[in-house]
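Each chain, written out:
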Amino acid sequence: MDLKEKIDSLRLPKHIAIIMDGNGRWAKSRGEMRVFGHQNGVESVRQTSTAAAELGVEFLTLYAFSTENWKRPKCEVDALMSLLVQTLNSELGTLMENNIRLKAIGNINKLQPDCYKQLLETMDKTSGNNRMDLILALNYSGRWEISQAAARIAAEVKAGNLDPEKINQDVFESYLETHNIPDPELLIRTSGENRISNFLLWQAAYSELYFTPKLWPDFRKDDLYEAILDYQNRERRFGMISEQIK
Ligand code: FPP
């Protein structure tokens, strides 16, 4: 039985989030420039997105560019931005064929203008698709998201539109980038690093974390299936005890 057949389709995570890491090391180990790793990471994005959609996963969020990534050498930032523009353009067919809607979270209007424009265009063209939402986290960090939510809530209170007594977790969540998106049940990070790195800090409160030594450009459909199978073998207790779950 292959890995895919072992997956219990009735207990699939609705939302999977991935920290795609290891592109630079993958390229370096081949004596290539870092950007070569990012370019090869695109095939992993394609394979993972189509595999998730085929399985019936409803939301897939990929950490593509963090607010901290601006600190990288300018040539790498520029290369990442143009790769994004190019990929959004060339992968429109894959998104349409697989009925995938593209969305984004993050401070996207601060992306380079051509990148922002291409992103809006691809989101618009795929807006009628409804098999899976592919959410790119771009110019995103969890602390940025939480602090901008707090600032917007404070402004609403100041304007007299929101009673501070009414602020609870549901209200707070409605100010996050991910409002209307369920929390990820499974969060995967590649490349052997065991950190969350400012990704979905609020939303990952109860996510099952899965770390794999695979570098992102080597990540394929079977790696996603393995992560899901591992998730399906875990017991999620949300603070309760085992007997309460059963
Ligand atoms: C982390 O590897 C990866 C990134 C910061 C960028 C991810 C981008 C892609 C996979 C390219 C295309 C993406 C889309 C959505 C079309 P790293 O550079 O930090 O690797 P290292 O830790 O080995 O240096």
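As the structure is a computational prediction, the values presented were derived from the model and not from experiment.

Observations concerning the overall build of the protein
Point 1. When you go through the protein residue by residue, the secondary structure sums to 10 helices and 6 strands.
Point 2. For the protein, the spread of C-alpha atoms along the three principal axes comes to 55 × 50 × 35 Å.
Point 3. Evaluated residue by residue, the protein yields a buried proportion of 47% over its 246 residues.
Point 4. In the protein, once contacts between residues fewer than 6 apart in sequence are set aside, the share between residues at least 24 apart is 78%.
Point 5. Approximately 12800 Å² of the protein is accessible, and the part contributed by carbon and sulfur atoms is 50%.
Point 6. Charged side chains in the protein number 31 positive and 35 negative. The centres of these two groups are separated by 4 Å.

Quick look at the side chain of Asn23
Point 1. Considering the arrangement of structural elements, one finds Asn23 in helix H2 (residues 23–28).
Point 2. Those residues within four positions of Asn23 in sequence are excluded, and the remaining contacts are Arg34, Gly37, His38, Trp216 and Pro217.

Topic: the pairing of strand E1 (residues 15–19)
Point 1. Across the 5 residues that make up E1, a large majority, 5, are buried.
Point 2. Because side chains alternate across E1, one face comprises the buried residues His15, Ala17 and Ile19, and the other comprises Ile16 and Ile18, equally buried.
Point 3. Alignment of E1 against strand E2 (residues 59–66), held across 5 bridges, turns out to be parallel. Within E2, the residue paired with Ala17 across the bridge is Thr61.
Point 4. As defined by bridge partners, E1 adjoins strand E5 (residues 186–189) across 4 bridges and the pair is classed as parallel. Bridge pairing in E5 places Ile16 opposite Leu186.

Definitions and limits used
Residues numbered from 1 in each chain as written. Predicted model: local features only at pLDDT ≥ 70, side-chain atom pairs only at ≥ 80, totals over all residues. Heavy atoms only, no water. Helix = DSSP H or I, 4+ residues; strand = E, 2+ residues; numbered from the N terminus. Buried < 20%, exposed > 50% of the residue type's maximum accessible area, 1.4 Å probe, protein only. Contact = heavy atoms within 4.5 Å. Areas by Shrake-Rupley, 256 points an atom, 1.4 Å probe, with all protein chains shown as cover. Lys, Arg positive; Asp, Glu negative; His and termini not counted. Charge placed at Lys NZ, Arg CZ, Asp CG, Glu CD. Pairing = 2+ DSSP bridges.

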